[in-house]
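In case you want the letters, here they are:
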Amino acid sequence: MSPRYAPLVPAEELASPMAYRQLRRPRESADFRREVEELVRQACREQEAGDLLADAFVSMSANLAGEGALSFTGLVPAPRFVRARTAYDSAMRAEGSRGSLHSYLNAAQSSLLVGDPHFREAFAHPLLVALIAHILGGPVKIVDLRAKDTQPLDVVARDNTLHIDNNPFMDEFKVIVTWTSGTERGPSGQGLTYLPRTNRLFRQCQVGPRGEAWSDEDSCIFPTRTRVDEALAAQARFYDDRLPRVVHLKDLPFPCHTIFAASRLVHHRYRTSTGAPRSAIMASFHRTDDGADRLGVGDLTGTDLDRSLLSGVVGPGFLAALRSEATDIVDALRLSVSRPDLVVDPDRHLLEGDGLHGWYARLSEGVSLNRLREATLAGSRDGDAPAVERLVLRVQYDLQGPLSMPLYADLSEEDRKRARIVIREMAPERIRHFVTRLRADRIRRGSPAPVRLPFDRSVEELHHGLRTLDQALVSAEPSGYVDPIWGPTDGHRVVRSLHRFVVDLARTAERTEDEDSLVTASAFGALSAALATDLLVLGAPGRDIAARLFTLYLGLVASDVPERESDAP
């Protein structure tokens, strides 16, 4: 992995503080917060104990700002949550990716889900939206909406090692709703785990020779004992006793709604073999003036607030849309006063004793994905699985491996996110489709047998192939075909996302320093090229690039998919 692990520092120690958008607008943010507080206070004014309800809102926001997370259990009444969960289960059965580590669905592409008001309430309850807008200091939008099922599994992979999300140069908040799959109970395993108060710090950035601030994805992960110790030491400065606090949300009586500072709070999903399967909805919130990224759900029938969040339709304005949901906000505040356990006390979910020691030991061992992959592939070799099925298995695991892509102060990596997620969460039947086609193209084009090249030569070959693909994408005409894997979206947007992904993948490949990252980048490269030959008229040169990148990947994984099998017609 890259050595550019970034420390967590206070604002005054940042190398380029004005590159951080959240630090550039304190007065504007404070003014907006006062407007939200006044909106809530007016809504509560005619209620019994109205001042108490309004104060409860301010107290919730203060807790969220101070601790980095705020959780509720039973926020949505059970009969309404049952409808949301039923819609979720149906969509996941029909459309979930069934990946090696989890089953994933881009919920924004599922009309069954986003068209259901009960499902929308589960992740965008007006109280949650008001709290997020208040703490971010401006109108908000949802930029990502995903559903994810996870089974009990002992693994530390890239997506569930201790980490911080997204770009350090802006603030992102997430709502994660978790429950025991198929029930209306809270999660009993695979739950959100976090280090409270680490949100008070910032990820340090790099500064280039021309003064440009940047970062990368390795800067926000804590995959070794040394890095885990760094995160705990950073947290310790906010506690007089300097002892670690690790909150692990599990064994809650009702579904758990958590708002957390995803781009600042050190957190992860603690995956173990204990407990029951977990289902989750995750919605990512940004300020509307932070980047051009939007969810872009079209033809949505819903409230003004729903359309503002999901479709980018401004309508009467954000505050007016929020004001129209005042009844639901007041009802939730009244519930928090009458039922104190609605707001989860994080101190009751601290890991202690053997639980804390076990957590620390597992996270300190580092990423264990390779061990799980090797065991699964060994089982497939012992059975009757054809070579292509073993190759599909191998690709599924490699797409979850390390890939430290650049992050920019101008947020220009936003364009690539769609392509990155589409490839990483590709369902096995779609991987099989592309792998089968790439294998056939290799044979037809007389590509050389895959061999394992020296590391430096492999890096050079990968970088050259991706740069060649980048140049081909610049001038290619659209084919008019957009694979269903991209969902209902504009073809130009898809091409722009894939092209940006290829550009940044080439930059990542150029500075790859370890074998696992090289394999992951090669898997992404081969599938990127296959997708590009569908989207654009690249002709024979495009298929040549795809064949070369696929051959490179096959050489790197030859020990799991021997050459004589992987090239079998």
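Each remark here, short or long, concerns the structure printed above.
Keep in mind it's a predicted model, so treat the numbers as computed, not measured. (Residues numbered from 1 in each chain as written. Predicted model: local features only at pLDDT ≥ 70, side-chain atom pairs only at ≥ 80, totals over all residues. Heavy atoms only, no water.)

### Some remarks on the side chain of Asn167
Part 1: Structurally, Asn167 is set in the loop between β5 (162-163) and β6 (173-180).
Part 2: In terms of polar contacts, Asn167 uses its side chain to reach the backbone carbonyl oxygen of Tyr408, at 2.8 Å. (Helix = DSSP H or I, 4+ residues; strand = E, 2+ residues; numbered from the N terminus. Polar contact = N/O pair within 3.5 Å; in protein donor to acceptor, adjacent residues only side chain to side chain.)

### Comments concerning the packing of aromatic side chains
Here the distance between the centres and the angle between the planes together describe a pair of aromatic rings.
Part 1: Overall, the coordinates contain seven aromatic pairs when judged by the stated rule.
Part 2: Centroid distance Tyr20 to Phe202: 6.0 Å. Interplanar angle 85 degrees. Geometry classified as edge-to-face. In this pair, Tyr20 sits in the loop between β1 (8-9) and α1 (26-45) while Phe202 sits in strand β8 (residues 202-203), placing the two residues 182 residues apart along the sequence. Considered together, Tyr20 and Phe202 belong to a single accessibility category, that of buried residues.
Part 3: Taken together, the ring pairs connect Tyr20, Phe169 and Phe202 into an aromatic cluster.
Part 4: Here the guanidinium or amino end of Arg200 rests over the ring plane of Phe238, the centre of that ring lying 5.2 Å away. (Phe/Tyr/Trp six-rings, centres within 6.5 Å; stacked < 30°, edge-to-face > 60°. Buried < 20%, exposed > 50% of the residue type's maximum accessible area, 1.4 Å probe, protein only. Lys NZ or Arg CZ within 6 Å of the ring centre and 35° of its normal.)

### What about helix α14 (residues 417-424)?
Part 1: Counting buried positions over the eight residues of α14 gives seven, a clear majority of the element.
Part 2: Listing the buried residues of α14 in full gives Arg418, Ala419, Arg420, Ile421, Val422, Ile423 and Arg424.
Part 3: Here the buried face of α14 lies against β3 (103-106), β4 (140-150), α17 (491-510) and α18 (515-535). (Contact = heavy atoms within 4.5 Å.)

### A closer look at the nonpolar core
Part 1: Ranked by size, the top nonpolar core spans 83 residues in total, and within it Phe72, Phe123, Leu127, Leu309, Phe318 and Leu333 carry the most contacts.
Part 2: The leading source of residues in this core is helix α6 (residues 126-136), at nine residues. (Core = buried A, V, L, I, M, F, W, Y, C linked by side-chain atoms within 4.5 Å.)

### Brief notes about the sheet that holds strand β9 (residues 206-207)
Part 1: The antiparallel open sheet is built from three strands, whose spatial order is β9-β10-β16. Two strands in the sheet have a free side with no partner beyond their single neighbour: β9 and β16 (406-408).
Part 2: Pairing between strand β10 (residues 213-216) and β16: three bridges, direction antiparallel. When the sheet's bridge partners are listed, Ser215 is paired in β16 with Leu407. (Pairing = 2+ DSSP bridges.)

### Overview of the sheet that holds strand β2 (residues 69-73)
Part 1: Ordered by their spatial adjacency, six strands build an open sheet running β2-β13-β6-β15-β4-β3, and the pairing between neighbours is antiparallel. Every interior strand has two partners, whereas the edge strands, β2 and β3, have only one. Across the sheet, the axes of successive neighbouring strands diverge by a mean angle of 20 degrees, strand direction being ignored.
Part 2: With five bridges connecting them, β6 and strand β13 (residues 256-260) associate as antiparallel partners. Paired with Val175 across the bridge in β13 is Ile259. (Axes fitted to C-alpha atoms, helices over the stretch in contact; angles between N-to-C directions.)

### Here we look at α1
Part 1: Taking 1.5 Å of rise per residue, the 20 residues of α1 would be expected to cover 28 Å, and the 28 Å separating its terminal C-alpha atoms lies within 8% of that figure.
Part 2: Considered for burial, the residues of α1 that qualify are Ser29, Phe32, Val36, Leu39, Val40, Ala43 and Cys44. Looking straight down α1, one finds its buried side chains confined to an arc of 130 degrees; they lie on one side. In α1, those exposed residues whose orientation departs by more than 90 degrees from the buried face are Arg27 and Arg34. (Expected span 1.5 Å × (residues − 1). Arc of directions from axis to C-beta.)

### With respect to the side chain of Asp290
Part 1: Along the chain, Asp290 turns up in the loop between β15 (278-287) and α8 (304-310).
Part 2: Of note is the side chain of Asp290, whose polar atom sits 2.8 Å from the side chain of Arg25.
Part 3: Ignoring any residue separated from it by four or fewer positions in sequence, one finds Asp290 in contact with Arg21, Arg25, Lys141, Met170, Leu411 and Glu414.

### Description of the packing of helix α2 (residues 50-67) against helix α10 (residues 326-338)
Part 1: Interaxial distance between α2 and α10 falls to 9 Å at its minimum, and their mutual angle equals 85 degrees. Judged on the interaxial angle alone, α10 and α2 are roughly perpendicular. For the pair α2 and α10, the contacting residues are Leu52, Leu53, Ala56, Phe57 and Met60 in the first and Val330, Leu333, Arg334, Ser336 and Val337 in the second.
Part 2: Of the residues belonging to the contact of α2 with α10, the class tally is eight nonpolar, one polar and one charged. (Parallel < 35°, antiparallel > 145°, perpendicular 65-115°, else oblique. Nonpolar A, V, L, I, M, F, W, Y, C, P; charged D, E, K, R; others polar.)

### What to know about the pattern of salt bridges
Part 1: Counting across every chain of the model gives 40 salt bridges.
Part 2: Glu389 is the partner of Arg432 in a salt bridge, and the nearest nitrogen-oxygen pair spans 2.8 Å. Of this pair, Arg432 sits in helix α15 (residues 428-444) while Glu389 sits in helix α13 (residues 387-398); the two residues are 43 residues apart in sequence, bridging distant segments of the chain.
Part 3: Exposure remark for Glu389: the relative accessible area of 25% places this residue in the partly exposed category.
Part 4: The salt bridge partner of Arg430 is Asp483, with a shortest N-O separation of 2.5 Å. Of this pair, Arg430 sits in helix α15 while Asp483 sits in the loop between α16 (455-475) and α17; the two residues are 53 residues apart in sequence, bridging distant segments of the chain. (Salt bridge = Lys/Arg side-chain N within 4 Å of Asp/Glu carboxyl O.)

### Regarding the pairing of β6
The side chains of a regular strand alternate, residue by residue, between the two faces of the sheet.
Part 1: Across the eight residues that make up β6, a large majority, eight, are buried.
Part 2: The side-chain alternation of β6 yields two buried faces, one formed by Phe173, Val175, Val177 and Trp179 and the other by Lys174, Ile176, Thr178 and Thr180.
Part 3: Relative to β15, β6 runs antiparallel, the two being bridged by eight bridges. Counted as the bridge partner of Thr178 is Ala280 from β15.

### As for the packing of α6 against α10
Part 1: For the pair α6 and α10, interaxial distance at closest approach is 8 Å and the crossing angle is 95 degrees. Judged by the inter-axis angle, α6 sits roughly perpendicular to α10. In this structure, α6 uses Pro126, Leu127 and Ala130 to contact α10, whose residues at the interface are Asp328, Ile329, Ala332 and Leu333.
Part 2: Here the contact of α6 with α10 is built from residues that sort into six nonpolar, no polar and one charged.

### Quick notes on the state of the cysteines
Part 1: What the rule picks out here adds up to zero disulfides.
Part 2: Cysteine Cys205 is unpaired, with the sulfur of Cys220 as its nearest cysteine sulfur at 14 Å. (Disulfide = S-S within 2.5 Å.)

### Thoughts on the environment of His433
Part 1: Along the polypeptide, His433 turns up in helix α15.
Part 2: Considered as a pair, His433 and Tyr88 are 345 residues apart in the sequence and their alpha carbons are 27 Å apart.

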